[in-house]
Amino acid sequence: MSEHRFIELEIKQAYQEDLIQALNQVVADQQKQIGKLEETCKLLHDKIKSLALDDRQVGAVDERPPHY
């Protein structure tokens, strides 16, 4: 293998290592963001569930709507 070809392969490998490192960082950042979004979604779900339960308790008595 010629020295020029060997240098070309080393350069390609260096670029690939940099790309893999950059992609790894993107995946790690996305995983953090997904974790935060999942937590937010859970909090919203719990809040909606809580509001629905409160609404059922308040509306348990048969009341006439205000327009009657």
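Residues numbered from 1 in each chain as written. Predicted model: local features only at pLDDT ≥ 70, side-chain atom pairs only at ≥ 80, totals over all residues. Heavy atoms only, no water.

Undergrad: Teacher, can you tell me more about the overall build of the protein chain here?
TA: When helices and strands are counted, the protein chain shows one helix and zero strands. A buried classification covers 0% of the 68 residues belonging to the protein chain. Working note: accessible area of the protein chain is about 6,900 Å², and carbon and sulfur atoms make up 58% of it. (Helix = DSSP H or I, 4+ residues; strand = E, 2+ residues; numbered from the N terminus. Buried < 20%, exposed > 50% of the residue type's maximum accessible area, 1.4 Å probe, protein only. Areas by Shrake-Rupley, 256 points an atom, 1.4 Å probe, with all protein chains shown as cover.)

Undergrad: Can you walk me through the UniProt feature "coiled-coil region" (unreviewed entry) in the protein chain in this structure?
TA: UniProt records the feature "coiled-coil region" (unreviewed entry) at residues 20–47, using the numbering of this structure. The span residues 20–47 is 100% helix and 0% strand, and its two end C-alpha atoms sit 40 Å from each other. (UniProt positions renumbered as here; feature names shortened; annotations may be inferred.)

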